[in-house]
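# Examination of the molecular architecture
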Amino acid sequence: MASAFLSNTTISFSSSLSSSPLPRLLPSISSSPIRFKSNPRRILTVRSKIREIFMPALSSTMTEGKIVSWVKSEGDKLSKGESVVVVESDKADMDVETFYDGILAAIVVGEGETAPVGAAIGILAETEDEIAEAKAKAASKSGASTPSAPPPSPAPAATSTPAPPKPAPAPAPAPVAEGPRKTVATPHAKKLAKQHKVDIESAVGTGPYGRITSADIEAAAGIVPSKTNVGPAVVVETTPAAPPKATAAAAAPSSLPPPVPGSTVVPFTTMQAAVSKNMVESLSVPTFRVGYPVTTDALDALYEKVKPKGVTMTALLAKAAAMALAQHPVVNASCKDGKSFTYNSNINIAVAVAINGGLITPVLQDADKLDLYLLSQKWKELVEKARAKQLQPLEYNSGTFTLSNLGMFGVDRFDAILPPGQGAIMAVGASKPTVVADADGFFSVKNKMLVNVTADHRIVYGADLAAFLQTFSKIVENPESLTL
Amino acid sequence: MHSALSSLSFSQVTTVPRSNYAFDSHSSAFALSQPLNLRFCGLRREAFGFSSLTQSCSGRVHVSSRGLSKKISASAVGNGTPLKSFDYDLIIIGAGVGGHGAALHAVEKGLKTAIIEGDVVGGTCVNRGCVPSKALLAVSGRMRELQSEHHMKALGLQVSAAGYDRQGVADHANNLASKIRSNLTNSMKALGVDILTGVGTIVGPQKVKYGKVGFPDNIVTAKDIIIATGSVPFVPKGIEVDGKTVITSDHALKLEFVPDWIAIVGSGYIGLEFSDVYTALGSEVTFIEALDQLMPGFDPEIGKLAQRVLINPRKIDYHTGVFATKITPARDGKPVIIELTDAKTKEPKDTLEVDAALIATGRAPFTNGLGLENINVVTQRGFVPVDERMRVIDANGKLVPHLYCIGDANGKMMLAHAASAQGISVVEQVAGRDHVVNHLSIPAACFTHPEISMVGMTEPQAREKAEKEGFEVSVAKTSFKANTKALAENEGEGLAKLIYRPDNGEILGVHIFGLHAADLIHEASNAIALGTRIQDIKFAVHAHPTLSEVLDELFKSAKVKAPASSSPVSEPVAV
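Residues numbered from 1 in each chain as written. Chains lettered and ligands numbered in written order. Predicted model: local features only at pLDDT ≥ 70, side-chain atom pairs only at ≥ 80, totals over all residues. Heavy atoms only, no water.

Looking up chain B in an unreviewed UniProt entry gives the name dihydrolipoyl dehydrogenase, with the organism given as Herrania umbratica. Entered under Function (unreviewed entry) in the UniProt record, the comment concerning chain B runs "Lipoamide dehydrogenase is a component of the plastidial pyruvate dehydrogenase complex (PDC)." UniProt's Catalytic activity (unreviewed entry) comment on chain B is quoted here verbatim: "N(6)-[(R)-dihydrolipoyl]-L-lysyl-[protein] + NAD(+) = N(6)-[(R)-lipoyl]-L-lysyl-[protein] + NADH + H(+)". (UniProt positions renumbered as here; feature names shortened; annotations may be inferred.)

As recorded in an unreviewed UniProt entry, chain A goes by Dihydrolipoamide acetyltransferase component of pyruvate dehydrogenase complex and comes from Herrania umbratica. The Cofactor (unreviewed entry) field of the UniProt record for chain A holds the comment "(R)-lipoate". Recorded in UniProt under Sequence similarities (unreviewed entry), the annotation for chain A is "Belongs to the 2-oxoacid dehydrogenase family."

Set out below in structure tokens:
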């Protein structure tokens with residue numbers, strides 16, 4: 001997207017804009033090509049005054065547009081002529097203004113996402129009563145517009161929330177800091193609170209004079225994600241009918257004997273619910289496992305050398321796996337329909353990370369192509385973003401192979417569940433000094449690490465996995481190629 | 001070419017014997033001035049040196065003799081009394097940028113000139129305004145760039161954590177101010193302008209007294225007097241400025257501390273520039289604006305875009321439509337407390353607790369103690385009333401002969417370069433050539449990252465005028481996104497906007513928001529000043545790839561009905 005955009009504009013460097021003057025967005029100009037107004041056909045079928053906001057055509061050549069930013073947030077009141085959203089076309093960023101008064105009930109296409117011209121990008125409700133209906137509509141819109149790509153990985157809690165009707169846990173241990181003084185929050189804290197949908201009144205101020213700082217909001221967002229229940233269900237990947245299903249799945253074990261008296265029931269956070277759903281789904285895939293011992297003395301030596309340059313073990317392993325995958329594309333493939341192989345053109349290594357009460361898999365895209373240092377840098381950014389719950393969908397759901405490492409805890413071997421949509425996952429244990437005998441019968445002590453790969457047997461067979469592991473082991477045992 | 005001509009006439013004039021001062025010292029001073037690096041007139045000197053080599057001898061004589069005859073007749077007409085009776089031809093009260101510009105031009109016109117300054121040479125601009133703030137903004141721009149990880153990455157750069165040393169930044173600003181100040185002082189001294197130290201007071205027509213406190217006053221006379229006393233930060237009542245936590249731009253430029261959270265009262269140029277500095281250095285900012293929207297005075301479309309880029313993504317929030325009616329500095333373990341009052345209902349609205357407050361509510365003229373009562377002039381809210389030729393108007397609405405007022409003190413356009421332009425215009429009049437400054441051709445700039453610049457009218461102003469006078473107004477826009485150089489710099493965010501008359505191609509206003517906007521505006525302001533029309537300027541060629549092509553595209557995208565002038569250049573040169 002970005003490169004296509006760049007090349008587009010660079011080509012036009014010498015051409016004057018006169019052939020397609022930037023359109024005026026004011027409603028008074030009726031000849032403007034902007035189609036941000038309700039489609040008349042649709043109005044006939046919609047009983048209440050819920051209007052869709054369409055992706056406008058900002059130039060004659062524009063076929064799709066990217067949302068740069070939403071000027072308004074969900075729930076904001078709009079009055080005619082106000083800027084609502086900023087759209088990037090092939091030539092410029094343009095403010096798009098509303099033709100109607102109302103309330104921005106739902107954002108269908110989020111910031112940074114792209115939609116074709118004419119597609120609904122948001123829903124405008126005339127009154128507050130219609131917001132719920134508009135949201136339902138938005139949910140179906142977003143479900144329909146991206147039917148092929150439900151995020152397979154757990155979504156960050158900040159962007160997707162369970163259906164609003166689900167009652168919030170009433171006795172939630174909400175840290176209430178409201179004294180007689182009014183709440184003081186810094187400008188950035190307020191912005192973050194809005195972004196993460198954190199109720200500022202519920203945050204505990206630890207800044208000077210007890211004010212709420214951005215760190216407090218981040219803490220609040222991490223600790224009390226259930227607070228986000230008030231958030232609208234726009235980016236939820238399923239239709240409104242689905243959350244009860246997910247709840248049902250989560251509640252399946254309730255057929256077990258009643259809980260021991262005195263136990264407490266804590267509902268899943270959104271992220272936990274997503275993990276649960278994915279895990280249950282994985283049962284439909286026939287998987288098998290292959291283990292392999294890998295000698296890591298050379299890798300450990302390399303790690304000591306590059307560590308001061310900011311390279312992490314995660315980056316080293318991801319890079320090694322990516323290089324091995326490049327030679328064994330079938331392990332990087334996936335089986336979408338049970339009838340075919342889907343070979344992925346990119347090698348995107350998802351790495352499982354435990355974060356506060358959840359699990360997320362930030363993705364190192366094109367891990368085979370990036371050098372070790374860039375990869376480490378990228379990884380650092382991703383982890384920071386994951387902690388701040390700011391990962392974009394592409395940054396956690398585009399993985400083609402997953403890496404899970406529990407070695408740092410001393411785990412010597414374990415077995416991972418294959419996430420839906422991927423062909424294989426690698427579980428890495430700790431590297432431990434082990435007595436080994438070589439071909440001549442000489443004993444020595446080498447660091448050995450056990451890796452265990454779980455794969456989808458519909459597409460990856462035993463020999464494939466064994467060959468892949470052999471390549472991986474060779475790369476780790478001769479790690480110089482990792483730094484190239 | 002124009003400047004070369006005026007320099008030539010100047011050189012000629014110095015050889016004309018004048019009765020009221022020794023020309024010997026003067027001409028030697030002029031010779032000295034040539035190698036000096038002068039900030040405000042460096043280019044002119046160069047042009048002179050160049051033209052004297054290339055101009056033929058006869059041409060020089062011809063041109064200068066014309067200038068000479070004009071000069072003689074002018075002094076005969078303008079001054080009935082013998083020349084001898086005055087100490088100076090021109091006295092300027094205030095050595096800011098306005099006074100300095102007037103003084104240099106006066107010397108060029110052959111006037112014996114003195115400048116009175118009670119504080120430091122350079123005035124607000126050099127010591128407490130544009131100059132040191134540019135030093136801080138240079139730092140903030142770099143910090144911003146280094147901190148923007150994705151910007152760096154898009155360029156393929158890797159930078160580890162950027163940091164700054166507050167004292168180092170403050171020193172940079174201070175050093176810049178003293179350097180420019182000494183340049184200014186030297187340039188005037190070298191040209192033979194007498195710098196009189198002390199507070200200047202007008203004691204009567206063509207008579208000024210000056211002196212330091214505790215010293216006897218000196219009285220000097222001059223044929224003409226220019227008031228150029230400038231302005232000081234305006235602090236609304238109810239606000240207690242302690243110089244530590246509640247400050248004005250004067251204190252902020254010293255950068256004595258960088259607060260975690262600072263409230264900026266006023267979202268004009270000064271407030272915006274400081275928000276850029278403070279947020280780059282890690283502060284969070286809260287704007288307090290009395291009007292209903294931020295950045296009043298900017299073209300609304302530019303303001304909207306600027307808000308999207310300069311305010312929304314940064315750690316800034318704002319309260320609009322409110323007055324800060326009471327601000328108490330931090331003390332006794334309490335933060336700075338700001339009481340907000342609704343601008344319309346006048347009812348208390350909110351209270352803010354912040355670490356510091358910067359008062360950027362504008363500037364008030366500095367005209368107290370000027371002795372205006374001695375010549376029956378009454379100021380209006382402190383401003384000296386003047387006509388369009390900067391001639392001072394007295395209490396009876398009559399012009400005060402030989403007295404002019406330029407710059408912030410008259411309040412026409414409170415910009416350093418406007419003051420300088422007014423000063424030059426006054427000197428032209430004093431030297432016998434009628435001249436009126438076209439204020440619509442004076443550009444203005446706000447040095448945020450990216451910059452904002454403008455000249456002429458905003459769109460609403462132009463439409464209002466069009467309505468009244470019955471002409472049509474059109475608007476053309478170009479984006480920095482379509483400019484190669486901007487994209488190479490990875491700074492495609494920006495917009496240039498042209499407001500013009502489609503019938504005759506007159507440029508009514510140009511507004512730019514984007515990389516180096518402040519440097520780009522001059523093509524438009526020069527066009528307005530010289531009356532160049534769009535249909536002609538669109539044929540001018542711009543180097544590729546440069547940011548100036550943004551304006552090139554802008555002019556080319558305008559749809560003008562009038563045809564291009566037959567031959568804008570007198571003699572086309574084929575190669």
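And the narrative resumes.
## Topic: the overall build of chain B
For chain B, the helix and strand inventory stands at 19 helices and 23 strands. Within chain B, the fraction of its 575 residues that count as buried is 54%. Taking as baseline every contact in chain B between residues at least 6 positions apart, the subset at least 24 positions apart corresponds to 65%. Accessible surface computed for chain B: about 25,600 Å², of which carbon and sulfur atoms make up 55%. (Helix = DSSP H or I, 4+ residues; strand = E, 2+ residues; numbered from the N terminus. Buried < 20%, exposed > 50% of the residue type's maximum accessible area, 1.4 Å probe, protein only. Contact = heavy atoms within 4.5 Å. Areas by Shrake-Rupley, 256 points an atom, 1.4 Å probe, with all protein chains shown as cover.)

## Quick look at the overall build of chain A
Scanning chain A for helices and strands turns up twelve helices and 16 strands. Within the span of chain A, comprising 484 residues, buried residues form 46% of the whole.

## Looking at the sheet that holds strand β9 (residues 287-295) of chain A
All names here are of chain A. One open sheet holds the six strands; their spatial order is β9-β16-β15-β14-β10-β13, and the pairing between them is mixed. Edge positions in the open sheet fall to β9 and β13 (363-364), since each of these has one partner strand only. Together, β9, β14 (401-405), β15 (424-437) and β16 (443-456) form the strand contacts of helix α12 (residues 462-477), whose direction differs from that of β9 by roughly 25°. (Pairing = 2+ DSSP bridges. Axes fitted to C-alpha atoms, helices over the stretch in contact; angles between N-to-C directions.)

## Regarding the UniProt feature "binding site: NAD(+)" (unreviewed entry) in chain B
Residues and elements named next belong to chain B. Per the UniProt entry, the sites bearing "binding site: NAD(+)" (unreviewed entry) are G266, S267, G268, Y269, I270, G271, L272, E273, E289 and G362 in this numbering. Relative to the assigned elements, G268 resides in the loop between β9 (261-265) and α11 (269-280). With respect to the secondary-structure elements, E273 resides in helix α11. E273 sits in the buried class, given a relative accessible area of 10%. When neighbours within four sequence positions are excluded, E273 is seen to be in contact with S133, K134, L137, A445, C446, F447 and T448.

## Focus: the side chain of E117 of chain B
All names here are of chain B. With respect to the helices and strands, E117 occurs in strand β2 (residues 113-117). Here E117 occupies a buried position and makes no salt bridge, while the nearest side chain of opposite charge, R128, is found at 6.9 Å. Discounting residues that sit within four places of it in the chain, E117 has contacts with G94, A95, G96, L196, T197 and G198. (Lys, Arg positive; Asp, Glu negative; His and termini not counted. Salt bridge = Lys/Arg side-chain N within 4 Å of Asp/Glu carboxyl O.)

## What to know about the packing of helix α9 (residues 313-327) of chain A against helix α10 (residues 372-387) of chain A
All names here are of chain A. Look at α9 against α10: their axes get within 9 Å of each other, and the N-to-C directions meet at 120°. Classified by the angle between their axes, α9 and α10 sit oblique to one another. Relative to α10, the crossing made by α9 is right-handed. Only L372, L375, S376 and W379 of α10 make contact with α9, whose side of the interface consists of T314, A315, L316 and K319. (Parallel < 35°, antiparallel > 145°, perpendicular 65-115°, else oblique. Left-handed = near helix turned anticlockwise from the far one by under 90°.)

## Some thoughts on the packing of aromatic side chains
Considering all chains together, one arrives at four aromatic pairs over all chains under this definition. Relative to F298 of chain B, the ring of Y269 of chain B lies with its centre 5.5 Å away and its plane at 40°, an arrangement referred to as tilted. Linking Y269 of chain B in helix α11 with F298 of chain B in the loop between β10 (284-289) and α12 (300-311), this pair joins segments that are 29 residues apart in sequence. The positively charged end of R51 of chain A is found above the aromatic ring belonging to Y100 of chain A, 3.7 Å away from the centroid. The ring of F471 of chain B carries R501 of chain B above its face, with NZ or CZ at 4.1 Å from the centroid. (Phe/Tyr/Trp six-rings, centres within 6.5 Å; stacked < 30°, edge-to-face > 60°. Lys NZ or Arg CZ within 6 Å of the ring centre and 35° of its normal.)

## What about the environment of V232 of chain B?
All names here are of chain B. Secondary-structure assignment places V232 in strand β7 (residues 231-233). For the pair V232 and D408, spaced 176 residues apart in sequence, the C-alpha to C-alpha distance is 9.2 Å. Residue contacts for V232: discarding those within four places in its chain leaves R363, A364 and F366.

## Thoughts on the pairing of strand β21 (residues 474-479) of chain B
For a regular strand, side chains alternate in direction, first toward one face of the sheet and then toward the other. Residue and element names in this part refer to chain B. Within β21, five of the six residues are buried, which leaves it mostly tucked inside the rest of the structure. Taken together, the six bridges between β21 and strand β22 (residues 495-500) define a ladder with antiparallel strand orientation. Across the sheet, residue K477 finds its bridge partner in β22, namely K497.

## What to know about the sheet that holds strand β15 (residues 356-359) of chain B
Residues and elements named next belong to chain B. Pairing within the open sheet is parallel, and its five strands lie in the order β8-β15-β9-β10-β11. At either end of the open sheet lies a strand with only one pairing partner, and these are β8 (246-248) and β11 (316-320). Between one strand and the next, the sheet's axes are offset by a mean angle of 20°, whatever the strand orientation. For β9 and β15, the ladder comprises four bridges, and the chain directions are parallel. Bridge assignment links A263 to a residue of β15, and that residue is A357.

## Section: the pattern of salt bridges
Residue and element names in this part refer to chain B. For the structure shown, the criterion picks out 34 salt bridges over all chains. A salt bridge links K134 to E273; its shortest N-O distance comes to 3.6 Å. Of this pair, K134 sits in helix α7 (residues 130-147) while E273 sits in helix α11; the two residues are 139 residues apart in sequence, bridging distant segments of the chain. For K134, a relative accessible area of 24% gives the class partly exposed. The residue E428 makes a salt bridge to R433 at a minimum N-O spacing of 2.3 Å. Linked through salt bridges whose partners overlap, the residues forming this network are D299, E301, E459, R463, K477 and K497.

## Looking at the nonpolar core
The nonpolar side chains of a soluble globular protein tend to be buried, and buried together. In this structure, V331, I349, F401, M426, L465, F468 and F472 of chain A are the most contacted members of the largest nonpolar core, which totals 56 residues. Counting residues per element, this core draws most heavily on α9 of chain A, which supplies nine residues. The residues touching F468 of chain A, leaving out its near neighbours within four places in the chain, are A321, A324, L325, H328, V331, F401, M426 and V453 of chain A. Core analysis: the next-biggest nonpolar cluster, separate from the first, contains 52 residues, V131, V386, V392 and V400 of chain B among them. (Core = buried A, V, L, I, M, F, W, Y, C linked by side-chain atoms within 4.5 Å.)

## Here's the deal with the UniProt feature "domain: Peripheral subunit-binding (PSBD)" (unreviewed entry) in chain A
Those places that UniProt annotates as "domain: Peripheral subunit-binding (PSBD)" (unreviewed entry) correspond, in this numbering, to residues 184-221 of chain A. As annotated, residues 184-221 of chain A has a helix share of 47% and a strand share of 0%, and its two end C-alpha atoms lie 18 Å apart.

## Here we look at the confidence of the model for chain A
All names here are of chain A. This prediction gives chain A a mean pLDDT of 74; 72% of its residues lie at or above 70. pLDDT under 50 marks residues 143-180. Its contacts with residues more than four places away, or in other chains, come to 58 contacts. Contacts from residues 223-254, a stretch scored under 50 in pLDDT, to residues over four places away or in other chains number 41 contacts. (pLDDT = per-residue confidence, 0-100.)

## Details of unusual backbone geometry
All names here are of chain B. Here the residue pair H449 and P450 is connected by a cis peptide bond, since its omega of 0° sits within 30 degrees of zero. By secondary structure assignment, the location of P450 is in the loop between β19 (444-446) and β20 (451-456). For the peptide bond that leads from H544 to P545, omega is -5°, which places it in the cis range. In this structure, L255 is a non-glycine residue whose phi angle is positive, near 50°.

## Some points on the pairing of strand β1 (residues 88-93) of chain B
Residues and elements named next belong to chain B. With respect to burial, β1 is a largely interior element, six of its six residues being buried. Examined bridge by bridge, β1 and strand β6 (residues 218-227) share five bridges and lie parallel to one another. Of the residues in β6, the one forming a bridge with I92 is I226. Sheet topology places β1 next to β2; four bridges connect them, and they run parallel. Paired with L90 across the strands is T113, a residue of β2.

## Some thoughts on the confidence of the model for chain B
Residues and elements named next belong to chain B. Looking at chain B, the pLDDT average stands at 85 and 84% of residues meet or exceed 70. Between residues 1-83, whose pLDDT stays under 50, and residues either more than four places distant or in other chains, the model counts 74 contacts. Two numbers describe this predicted complex: its pTM, 0.58, and its ipTM, 0.72.

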